[in-house]
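# Topology and contacts: notes
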Amino acid sequence: MRNRKETIIRSILLENYQSYYRLALCYVHQEADAMDIVQEGAYKAMLRAGSLKEERFAGTWVYRIMINTAKDYLNKYRRECELTEDICADRKETDMDMDLKEAVDKLPIQEKTLIILRFYEDKPLAEIAEIMQENLSTVKSRLYRTLEKLRKELK
């Protein structure tokens, strides 16, 4: 049973590596740190593969591990993380882009995660609810409030 779960997790990690990397990069803004987060998250996922309860949720399970690994990294190395060029957007930043990125970086971690999943990773709200282990209506209302907060910050 464990070998089957490990195989599924390994396959998901390989298929979604770029997505996990972009996610981590949105949190830390440094390529090397993002790669470390993905490597650590992959290690944790493989190590805990046996604790996966339902194989059909393996994708969201790994995503949660990656998010939690990024959050742990931020908490541990918050002072060391510098604001660098925004590779998440894959384009030159304008002043507005920089203001938006700074506003998102100031958000509490739950709200920042919501914005990253929705707008950087283009995840549907239902999948975000699964990843964050919350009701869909909670995710929708939190997203609305977070967007309002960002609009006020950017004015």
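Now for a description of the structure that goes with this document. (Residues numbered from 1 in each chain as written. Predicted model: local features only at pLDDT ≥ 70, side-chain atom pairs only at ≥ 80, totals over all residues. Heavy atoms only, no water.)

### Some points on the nonpolar core
Ranked by internal contacts, the top residues of the largest apolar core, which has 42 residues, are Ile 9, Tyr 20, Leu 23, Tyr 27, Val 62 and Leu 117. Counting residues per element, the ones that place at least two in this core are α1 (2–15), α2 (17–28), α3 (31–47), α4 (58–77), α5 (95–106), α6 (109–120), α7 (125–132) and α8 (136–154). Counting residues per element, this core draws most heavily on α4, which supplies ten residues. Residues within four places of Tyr 27 in sequence aside, it is in contact with Ile 67, Ala 70, Leu 74, Ile 109, Lys 112, Thr 113 and Ile 116. (Core = buried A, V, L, I, M, F, W, Y, C linked by side-chain atoms within 4.5 Å. Buried < 20%, exposed > 50% of the residue type's maximum accessible area, 1.4 Å probe, protein only. Helix = DSSP H or I, 4+ residues; strand = E, 2+ residues; numbered from the N terminus. Contact = heavy atoms within 4.5 Å.)

### Describing the side chain of Lys 5
Summarising the element assignment, Lys 5 is placed in helix α1. One buried charge, Lys 5, has no salt-bridge partner; the nearest side chain with opposite charge is Glu 55, at 5.9 Å. When residues no more than four places from it in sequence are discounted, the contact partners of Lys 5 are Ala 49, Gly 50, Leu 52 and Glu 55. (Lys, Arg positive; Asp, Glu negative; His and termini not counted. Salt bridge = Lys/Arg side-chain N within 4 Å of Asp/Glu carboxyl O.)

### Details of the pattern of salt bridges
One pass over the structure, following the stated rule, counts ten salt bridges. Salt-bridge contacts for Lys 149 lead to Glu 111; the nearest nitrogen and oxygen are separated by 2.8 Å. Of the two residues, Lys 149 sits in helix α8 while Glu 111 sits in helix α6, which places them 38 residues apart along the sequence.

### Points about the packing of aromatic side chains
This model, assessed by the stated rule, comprises two aromatic pairs. Measuring from ring centre to ring centre gives 6.4 Å for Tyr 17 and Tyr 21, while their planes differ by 15°; the resulting arrangement is stacked. With Tyr 17 and Tyr 21 both in helix α2 and four residues apart, the pair spans about one turn of that helix. Residue Tyr 17 is classed as partly exposed on the basis of its relative accessible area of 33%. Measuring from ring centre to ring centre gives 5.5 Å for Tyr 20 and Tyr 63, while their planes differ by 65°; the resulting arrangement is edge-to-face. Residue Tyr 20 is located in helix α2, and its partner Tyr 63 is located in helix α4; the two are separated by 43 residues in the primary sequence. (Phe/Tyr/Trp six-rings, centres within 6.5 Å; stacked < 30°, edge-to-face > 60°.)

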